[in-house]
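Summary of structural features
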Amino acid sequence: MPDIAFELLFILFLAACFAGFVDSIAGGGGLITIPVLLIAGIPPLEAIATNKLQGQFGAASATIAYARKGHINLRNQLPMALMAAAGGAVGAVLTSVVPASALAAAIPFLLIAIALFFAFKPSLSDTDGRRRVTPFVFGLTAVPLVGLYDGLFGPGAGSFYMLGFVLLAGFGMLKATAHTKLINFGSNFGSFLVFVATGSILWKVGLLMGVGQFIGAQIGSGLAMKKGAKIIKPLLVLSCLVLATKLLADPNHPARLWLGW
């Protein structure tokens, strides 16, 4: 592909900053970065692969910020992050054999369901709730499954992690957000390794955007720790609804084709 103009690189950097800010609080950063990469003229496969590179910087930045304030015990949660990485790697490998349309059909409706759950469940706060599964079971089931989805398709993975941590692990909103960033880093890293092997990553673009992601995530995670559920909950609901709308707005989305819209 031709060299990208400086002005466009600057726009990509700013988009990554904003994506890192949003993603560190509620997820959905790919909703910002992937369209911008495509608009910049980067082919879809390279855009997805480069997004995995730059997204790791935001996830790592937020993870460091949350861990520094004691919201994550990195040593205890490392096995879970490794399970997410394994799932992400398997998902990335499956991209060549599993049609994305099979997932695209259901994901918007699942995101809408998640948005409704977080919007209307009154007991959600930063206080931990009832744990429904043990951390061991959660790490062996929900984490690698969402990681596989993240490597295979991607949009909304952070929201699915959040739902799992709140509904199954019984985490409060802030704690769930903090742990989601670590696990998201794991699944991003696993799929990233596969894309490295395929040579699909645009390194200069990804590293430049990674710097923007790191800066934005530092700001966003600081705000999340200051405001807690008061900002995490509405941004999570908004992120899910915007992402679902974006997916359904695609004229080639299976649901629109089935319904004749």
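All values reported here derive from a predicted model rather than from experimental measurement. (Residues numbered from 1 in each chain as written. Predicted model: local features only at pLDDT ≥ 70, side-chain atom pairs only at ≥ 80, totals over all residues. Heavy atoms only, no water.)

**With respect to the overall build of the chain**
Counting its regular elements, the chain contains 13 helices and 0 strands. Mapped from its N terminus to its C terminus, the chain presents α and β elements in the order α-α-α-α-α-α-α-α-α-α-α-α-α. Over its C-alpha atoms the chain spans a radius of gyration of 17 Å, differing by no more than 12% from the 18 Å that the globule rule assigns to 261 residues. Within the chain, the fraction of its 261 residues that count as buried is 51%. In the chain, the proportion of contacts linking residues at least 24 apart, taken out of those at least 6 apart, comes to 82%. (Helix = DSSP H or I, 4+ residues; strand = E, 2+ residues; numbered from the N terminus. Rg over C-alpha atoms; globule rule 2.2 N^0.38 Å. Buried < 20%, exposed > 50% of the residue type's maximum accessible area, 1.4 Å probe, protein only. Contact = heavy atoms within 4.5 Å.)

**Examining the packing of helix H3 (residues 44–68) against helix H10 (residues 173–198)**
Relative orientation and spacing of two packed helices are given, respectively, by the angle between their axes and the distance between those axes. Interhelical geometry of H3 versus H10 gives an angle of 145° and a closest axis separation of 8 Å. Where H3 crosses over H10, the handedness of that crossing is left-handed. Residue-level contacts link Leu45, Ile48, Ala49, Lys52, Leu53, Gly55, Gln56, Ala59, Ala60, Ala62, Thr63 and Tyr66 of H3 to Leu174, Thr177, Ala178, Lys181, Leu182, Phe185, Asn188, Phe189, Ser191, Phe192 and Phe195 of H10. (Axes fitted to C-alpha atoms, helices over the stretch in contact; angles between N-to-C directions. Left-handed = near helix turned anticlockwise from the far one by under 90°.)

**Looking at a nonpolar patch on the surface**
A surface patch of nonpolar side chains, amounting to about 340 Å² of accessible area, comprises Phe6, Phe10 and Leu14. Position of phenylalanine 10 relative to the elements: it lies in helix H1 (residues 6–26). (Patch = residues over 30% accessible without salt bridge, like charges linked within 9 Å, V, L, I, M, F, W, Y side chains within 5 Å. Areas by Shrake-Rupley, 256 points an atom, 1.4 Å probe, with all protein chains shown as cover. Salt bridge = Lys/Arg side-chain N within 4 Å of Asp/Glu carboxyl O.)

**With respect to the environment of arginine 68**
Relative to the helices and strands, arginine 68 resides in helix H3. When its relative accessible area of 57% is taken as the criterion, arginine 68 is described as exposed. For the pair arginine 68 and valine 194, spaced 126 residues apart in the sequence, the C-alpha separation amounts to 30 Å.

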